[in-house]
Protein chains: 2
Amino acid sequence: MHIHHVYAHPHADSLNAALRDETDRTLTALGHTRTLSDLYAMRWKAVADHDDFAAEPDRHFMTAAGEAYRTGALAADIRAEHERLLAADALLLQFPLWWFSMPAIMKGWFDRVFTNGFGYNTAEHYGAGVLAGKRAMLMVTTGATAETLSGRGIGGPLDDLLFPIQHGTLFYTGMRVLPPFAIHSAWAVDSPGFARETKRLRERLETLAATDPIPFRTESSGDYDAAGLLKPGAERPGTTGFAMHTA
Amino acid sequence: MHIHHVYAHPHADSLNAALRDETDRTLTALGHTRTLSDLYAMRWKAVADHDDFAAEPDRHFMTAAGEAYRTGALAADIRAEHERLLAADALLLQFPLWWFSMPAIMKGWFDRVFTNGFGYNTAEHYGAGVLAGKRAMLMVTTGATAETLSGRGIGGPLDDLLFPIQHGTLFYTGMRVLPPFAIHSAWAVDSPGFARETKRLRERLETLAATDPIPFRTESSGDYDAAGLLKPGAERPGTTGFAMHTA
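Thresholds applied
- Throughout this description, residue numbers start from 1 for each chain and increase along the sequence as written.
- Just so you know, chain letters begin at A and ligand numbers begin at 1, following the order they were written in.
- In view of the model being predicted, local features appear only for residues whose pLDDT reaches at least 70, and side-chain atom pairs are presented and counted only at 80 or more, with totals across whole chains, interfaces and linings using the full set of residues.
- Side-chain measures here rest on the full set of heavy atoms in the structure, leaving out hydrogens and waters.
- Segments assigned H or I by DSSP are reported as helices when at least four residues long, segments assigned E as strands when at least two residues long, and all are numbered from the N terminus.
- Multiplying one less than the number of residues by 1.5 Å gives the expected span of a helix.
- Pairs of N or O atoms within 3.5 Å make up the polar contacts considered here, provided that, within protein, one atom can donate a hydrogen while the other can accept it, and that residues adjacent in sequence are counted only when both atoms are side-chain atoms.
- Working rule for contacts: check all heavy atoms of both residues, and any pair within 4.5 Å makes them a contact.
- Throughout, the accessible surface (probe 1.4 Å) given up by two parts as they are put together, summed over both, is called the buried area.
- Criterion for a salt bridge: a side-chain nitrogen of Lys or Arg within 4 Å of a carboxyl oxygen of Asp or Glu.
- The rule is short: rings of Phe, Tyr and Trp, with Trp giving its six-membered ring, pair when the centres are within 6.5 Å, and they are stacked under 30 degrees, edge-to-face over 60, tilted in between.
- Only protein chains enter the area calculation, which uses a 1.4 Å probe; residues under 20% of their type maximum are buried, those over 50% are exposed, and those in between are partly exposed.
- Only when the NZ atom of a Lys or the CZ atom of an Arg is both within 6 Å of the ring centre and within 35 degrees of the ring normal do we say a charge sits over the ring.
- Note: domain ranges come from an automatic or database domain assignment.
- Overlaid copies result from least-squares superposition on C-alpha atoms, with residues included only where pLDDT is at least 70 in both.

> Honestly, helix H7 (residues 191-206) of chain B in this entry has me stumped. Any pointers?
Along an α-helix, residues three or four apart share an orientation, since each turn contains 3.6 residues. Between the first and last C-alpha of H7 of chain B there are 23 Å, a value that for 16 residues agrees with the 22 Å anticipated at 1.5 Å per step. Taking the backbone nitrogen of Gly193 of chain B as reference, a side-chain oxygen 2.8 Å away marks Asp190 of chain B as the first, capping residue of H7 of chain B.

Written out as structure tokens, the structure is:
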């Protein structure tokens, strides 16, 4: 496989940096090839603005974005990420969970790269689209404990917290999303904990091609009506909210 | 009331810009005072990094952040937002929903302003904390239709999509969060639609002090055990996931 790894952490000696390097070693040992976008090291521009299209600031934003995508006039760093994504069989997205979501620099990677015509305003979505068939996996560290991010935890279940990313963004653009690799109470990972977690990470990377994706329902499954509503009775009994969208 | 309005949209002639100005006029007419942080206009720095603390890049990130907060050494733009927040009775956060979340520049406002010691690592949270008692309301425009963001919609219910912000961030730091003001299919708002939406916005601003907040359960309510798990049977019958955390 060829893998694109997008990484966001500000601190060079962090647990995340060690996991990034372990990922690199493991993928190489498995015979995979990989590209790395280390967003902090690249000083990735986080803010989507008119400069991305060399457009006048009074241009309608989405219209200018779509036009620049079609004419190849997007900023070079965005085009480079498009090429890396299109060349990859799988995408790894690694970041610490900040305020129950991505750090701004990673959100800005999506805002800018998943632009009009590439990421949205496409003919197909939710299980189809420009990135159809590619695999994706989040690698997330949380300061919060596993309990507070469990089903009854005060922070909310991690799967639901990640739904906007896993379902609304990665699956939306056609990717098959594997269950996330998560490390909780990341501040408390000591040396034995680190050995245990890196072993668990290696196992996830070894099974990257074989792991069943989260069974999100595709838009073309026939489960949704023309307005995008799940048809009555299509849900698994007792499910509500986000959970209705997994088959 | 004194209101702090944080605003993020890249396009000066947008629907959001018109709503921002309408907000300004309405608050003034109501006799409120207000401050505005127009993040794009301010060229707000979105990325939280060591420069925010004038720290060496090899310092542990959270530790350096907390130390800078305690010693008053945070970047001037962060300290200015702290002052504006602490001076306010209510916070308005206005942005277009991008990838089911905030634009990176707004996420970066939280990442940098809600720093260690101010926003987290505090003695109290979830209904208590440095911003306790202040009101907060999101003002959100979505490209998606109301149907796709409703209970059975393919995008997921808007309330759940906003949970990481409304519960995990605003309520976490002590604020009382009002139901969001949302405009769906924002690209299709024509002139009569605009008149209707601005009237609806004015009504929400007129009732800012009186509107019941979302009844999130406080951490001190007795509904959670010491590990942060909702006690068995505490939920409203039939609720799961995020919905369990409203009383």
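> Is there a simple way to think about the interface of chain B and chain A in this case?
One frequently used descriptor of interface size is the decrease in accessible area upon assembly of the parts. Listed per partner, the contact involves 66 residues of chain B and 66 residues of chain A. Regarding the contact of chain B and chain A, the summed buried area is about 4,900 Å², with carbon and sulfur atoms giving 64% of it. Counting the surface chain B buries against chain A, the share from its top three residues, Trp99, Arg152 and Ile154 of chain B, is 21%. Where Arg152 of chain A meets Glu235 of chain B, a salt bridge forms, and the shortest distance between an N and an O atom there is 2.6 Å. At the junction of chain B and chain A, the tally comes to 23 residue pairs in polar contact (both at pLDDT 80 or more).

> Explanation requested: the packing of aromatic side chains in the structure shown.
Geometrically, a pair of aromatic rings is defined through the distance of the ring centres and the angle of the planes. Taken as a whole and judged by the stated rule, the model has 29 aromatic pairs over all chains. Summarising the aromatic geometry, the rings of Trp99 of chain A and Phe114 of chain B are spaced 5.8 Å apart at their centres and angled 80° between planes, so their arrangement reads as edge-to-face. Taken together, the residues span two chains, with Trp99 of chain A in the loop between strand S3 (90-96) and helix H4 (104-113) and Phe114 of chain B in the loop between helix H4 (104-113) and strand S4 (135-141). Trp99 of chain A sits in the buried class, given a relative accessible area of 13%. Both rings, one in Phe114 of chain A and one in Phe118 of chain A, keep their centres 6.2 Å apart while their planes meet at 65°; by these two values the pair is edge-to-face. Take Phe114 of chain A: its relative accessible area is 0%, and that puts it in the buried class. The class of Phe118 of chain A is buried, set by a relative accessible area of 2%. Members of the aromatic cluster, joined through ring pairs, are Tyr69, Trp109, Phe110, Phe114, Phe118, Tyr120, Tyr126 and Tyr172 of chain A together with Trp99 of chain B. Across the ring face of Trp44 of chain B, the terminal group of Arg112 of chain B is positioned such that the distance to the ring centre comes to 4.9 Å.

> Can you help me understand the domain arrangement of chain A in this one?
Residues and elements named next belong to chain A. Taken domain by domain, chain A comprises domain 1 (2-215) and domain 2 (217-246). When each unit is reduced to the centre of its C-alpha atoms, the spacing between domain 1 and domain 2 is 25 Å. With nine residues of domain 1 at the interface, the matching set in domain 2 holds six residues. Between domain 1 and domain 2 lies a buried interface of about 700 Å² when both sides are counted; carbon and sulfur atoms form 65% of it. Per-residue buried area on domain 1 facing domain 2 is highest for Tyr126, Phe163 and Pro215; these three make up 51% of the total on that side. In this assembly, domain 1 and domain 2 are joined by zero salt bridges. One can count three residue pairs in polar contact (both at pLDDT 80 or more) joining domain 1 with domain 2. In terms of residues, the side of domain 1 that touches domain 2 owes the most to one element, helix H6 (residues 163-171), which gives three residues.

> Looking at this structure, how should I read the relation of the copies chain B and chain A?
The operation relating the pair of chain copies consists of a rotation about an axis and a translation along that axis. For the pair chain B and chain A, the relating rotation is 180°, the translation along its axis is 0.0 Å, and the fit reaches an RMSD of 0.0 Å. Both copies are brought into coincidence by an operation consistent with a two-fold rotation axis. Judged by C-alpha distance, Ala104 of chain B is the residue of chain B that lies nearest the rotation axis, at 2.4 Å.

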